[in-house]
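Spelled out, the chains give:
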Amino acid sequence: MTSSISNTPMVALTTGEPAGVGPELTLMLASSGKPLPATLVAIGDPGMLAERAERLGLGIEIEVSAPGRMPRDPRPGVLPVWPVALRVPSHPGVLEPANGAYVLETLDVAIAACRDGHADAMVTAPVHKGAIIDGGHIGFTGHTEYLRDACGVDEVVMMLATDAALHGRVAGEPRCALRVALATTHLPLREVADAITATRLERVLRILDGDLRRHFGIDAPHIVVCGLNPHAGEDGHLGREELEIITPTLARLREQGLDLEGPLPADTLFTPRHLEGADAVLAMYHDQGLPVLKYAGFGSGANITLGLPIVRTSVDHGTALDLAGKGIADPGSLRVAVALAAEMARRGG
Ligand SMILES: NC(=O)C1=CN([C@@H]2O[C@H](COP(=O)(O)OP(=O)(O)OC[C@H]3O[C@@H](n4cnc5c(N)ncnc54)[C@H](O)[C@@H]3O)[C@@H](O)[C@H]2O)C=CC1
Ligand SMILES: NCC(=O)COP(=O)(O)O
């Protein structure tokens with residue numbers, strides 16, 4: 001048992017799709033010389049990581065440890081790695097679906113470490129959903145849903161936040177401080193409306209309210225909720241989900257003490273007047289909320305899975321295959337995700 005929350009939290013960092021930027025961002029972070037508020041252990045193929053470090057001229061030594069164990073004396077310039085073997089060799093920018101099983105194994109190692117108390121939190125570098133599915137893992141849609149199932153909970157909530165919004169409520173927060181949670185995650189747009197049920201919305205809002213208190217120290221979160229349809233349905237003329245599902249669910253939860261506003265038309269919700277005083281926005285679907293978030297702070301935000309019994313954060317971007325192996329991808333979001341995971345772990349997970 002190596003986790004020591006009273007000192008520096010121990011963060012297990014999965015290195016993600018091996019053909020993407022995850023391995024090099026991990027190495028860049030570990031070799032930057034800038035202090036991190038966590039002790040890092042990377043999970044991935046040690047040979048691949050050593051090869052990428054050499055390719056990019058990053059002066060960092062890979063030190064293999066047995067999963068769950070840390071070197072007694074973590075040293076600068078040395079990255080501890082819990083090894084998982086690639087299934088086939090990996091080259092930057094070239095997807096190999098056979099490595100889907102490798103990627104999922106790195107997640108399993110991190111989840112087990114968090115559950116067994118060997119790590120205080122997990123941070124994930126990006127995976128390529130298509131490659132994992134093409135590798136035969138048909139039901140895979142993303143870390144969020146994989147973690148939900150692996151941790152045996154009914155519902156989780158994906159929330160992304162810009163850096164300024166990550167550390168609790170700050171007086172005079174800049175306008176770009178945004179937390180955006182999603183009522184639905186990775187599913188075809190065609191299926192979104194059917195997925196917006198009263199049961200799902202109620203679970204999502206309870207998790208969001210509870211985890212804003214637990215992880216972000218916000219006592220009475222004010223949550224602003226988007227409508228699903230244009231103009232929030234225009235009184236039923238442009239869709240009935242607001243009248244039949246969203247409005248009644250919000251009313252029921254308000255009676256139980258949640259501080260909810262909406263449903264508001266999503267096109268004008270993301271303006272200063274509505275965002276002022278909002279602790280989070282609940283968007284109905286992925287591309288309703290995330291483009292705004294990424295416009296406000298791409299590269300310096302983080303993705304948090306709410307509703308889990310463990311702490312998991314991630315980057316705000318994907319595998320960036322076009323940049324892989326070139327050493328030009330920005331490690332900013334990974335740094336923010338590690339710092340946030342450490343902060344959440346210190347708050348008690
Ligand atoms: N947390 C995760 O595992 C995530 C995984 N993905 C996956 O990534 C794959 C590619 O998705 P895309 O939609 O193409 O998004 P992407 O984020 O990989 O790329 C979009 C654009 O942003 C740029 N970009 C991404 N990360 C960057 C960084 N660190 N520094 C500088 N520029 C960066 C890319 O070069 C590209 O121009 C998909 O399979 C998707 O499912 C996407 C988002 C999150
Ligand atoms: N766009 C965010 C995203 O796709 C992240 O998904 P996940 O793998 O963290 O579930």
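Note that the coordinates shown come from a computational prediction; the quantities given were computed from them, not determined experimentally.

A. The arrangement of the overall build of the chain in detail. Summing up its helical and strand segments, the chain has twelve helices and twelve strands in all. In terms of C-alpha radius of gyration, the chain reaches 20 Å, essentially the compact-globule figure of 20 Å for 349 residues. C-alpha atoms of the chain, sized along the principal axes, occupy 60 × 40 × 35 Å. The proportion of buried residues among the 349 residues of the chain is 49%. Counting contacts in the chain only where the partners sit at least 6 residues apart, residues at least 24 apart contribute 71% of the total.

B. A look at the site of ligand 1. Of all residues adjacent to ligand 1, which total 20 residues, the nearest are Pro126, His317, Gly318, Ala320 and Asp330. Taken together, the residues of the shell around ligand 1 break down into seven nonpolar, ten polar and three charged.

C. The UniProt feature "binding site: substrate" (unreviewed entry) in the chain, seen in detail. As annotated in UniProt, the feature "binding site: substrate" (unreviewed entry) corresponds to His143, Thr144, Lys294, Asn303 and Arg312 in the numbering used here. Relative to the elements of secondary structure, Lys294 occurs in helix H11 (residues 286–297). Taking the number of C-beta atoms within 10 Å as the measure of exposure, Lys294 has 16 and is therefore partly exposed. Along the chain, the position of Arg312 falls in strand S12 (residues 312–314). Looking at Arg312, the number of C-beta atoms within 10 Å reads 27, which means it is buried. If we ignore the near neighbours within four places in the chain, the residues touching Arg312 are Met122, Thr124, Leu147 and Thr305.

D. The arrangement of the site of ligand 2 in detail. Around ligand 2 sit Gly142, His143, Thr144, Leu290, Asn303 and Ser314, and those are all the residues in its vicinity. In the shell around ligand 2, the residues fall into one nonpolar, five polar and no charged.

E. The arrangement of the packing of helix H1 (residues 22–31) against helix H2 (residues 46–55) in detail. In the contact formed by H1 and H2, the axes pass within 10 Å of each other and the chain directions differ by 70°. Between H1 and H2, the interaxial angle falls into the category roughly perpendicular. Judged by the twist between their axes, the crossing of H1 over H2 is right-handed. Across from Pro23, Glu24 and Leu27 in H1, the residues of H2 making contact are Met48, Leu49, Arg52 and Ala53. Classifying every residue of the contact of H1 with H2 by side-chain character gives five nonpolar, no polar and two charged.

F. Expanded view of the pairing of strand S9 (residues 259–264). Alignment of strand S8 (residues 222–226) against S9, held across four bridges, turns out to be parallel. By the bridge assignment, Ile223 is partnered in S9 with Leu260. Note that the unit made of S8, helix H8 (residues 241–255) and S9 has a crossover that is right-handed.

G. Up close: the sheet that holds strand S3 (residues 61–64). A sheet is described by the order of its strands in space; here twelve strands give the open sequence S3-S4-S2-S1-S5-S12-S11-S6-S7-S10-S8-S9, paired in mixed fashion. Of all strands in the sheet, those bounded by a partner on one side alone are S3 and S9. Across the sheet, the axes of successive neighbouring strands diverge by a mean angle of 30°, strand direction being ignored. In this structure, strand S7 (residues 179–182) lies alongside strand S10 (residues 280–283), joined through three bridges in parallel fashion. Within S10, the position partnered with Ala181 by the bridge is Leu282. Contacting strand S6 (157–162), S7, S8, S9, S10 and strand S11 (301–306), helix H7 (residues 198–216) runs over the sheet at an angle of about 160° to S10.

H. Highlighting the domain arrangement of the chain. According to the domain assignment, the chain consists of domain 1 (1–153 + 310–349) and domain 2 (154–307). Here domain 1 and domain 2 have C-alpha centroids that lie 28 Å from each other. On the domain 2 side, the residues contacting the 22 residues of domain 1 number 21 residues. Elements with a minimum of two residues in the side of domain 1 that touches domain 2: helix H5 (143–151), S12 and helix H12 (332–347). The dominant element in the side of domain 1 that touches domain 2, judged by the number of residues it contributes, is H12, at eight residues. Of the residues contributing to the side of domain 1 that touches domain 2, the split by class is seven nonpolar, eight polar and seven charged.

Cut-offs used in this document
- Residues numbered from 1 in each chain as written.
- Chains lettered and ligands numbered in written order.
- Predicted model: local features only at pLDDT ≥ 70, side-chain atom pairs only at ≥ 80, totals over all residues.
- Helix = DSSP H or I, 4+ residues; strand = E, 2+ residues; numbered from the N terminus.
- Rg over C-alpha atoms; globule rule 2.2 N^0.38 Å.
- Buried ≥ 20, exposed ≤ 12 C-beta atoms within 10 Å, placed from the backbone.
- Contact = placed C-beta atoms within 7 Å.
- Near = placed C-beta within 6 Å.
- Nonpolar A, V, L, I, M, F, W, Y, C, P; charged D, E, K, R; others polar.
- UniProt positions renumbered as here; feature names shortened; annotations may be inferred.
- Axes fitted to C-alpha atoms, helices over the stretch in contact; angles between N-to-C directions.
- Parallel < 35°, antiparallel > 145°, perpendicular 65-115°, else oblique.
- Left-handed = near helix turned anticlockwise from the far one by under 90°.
- Pairing = 2+ DSSP bridges.
- Right-handed = clockwise from strand over helix to strand, strands pointing away.
- Domains from an automatic or database assignment.

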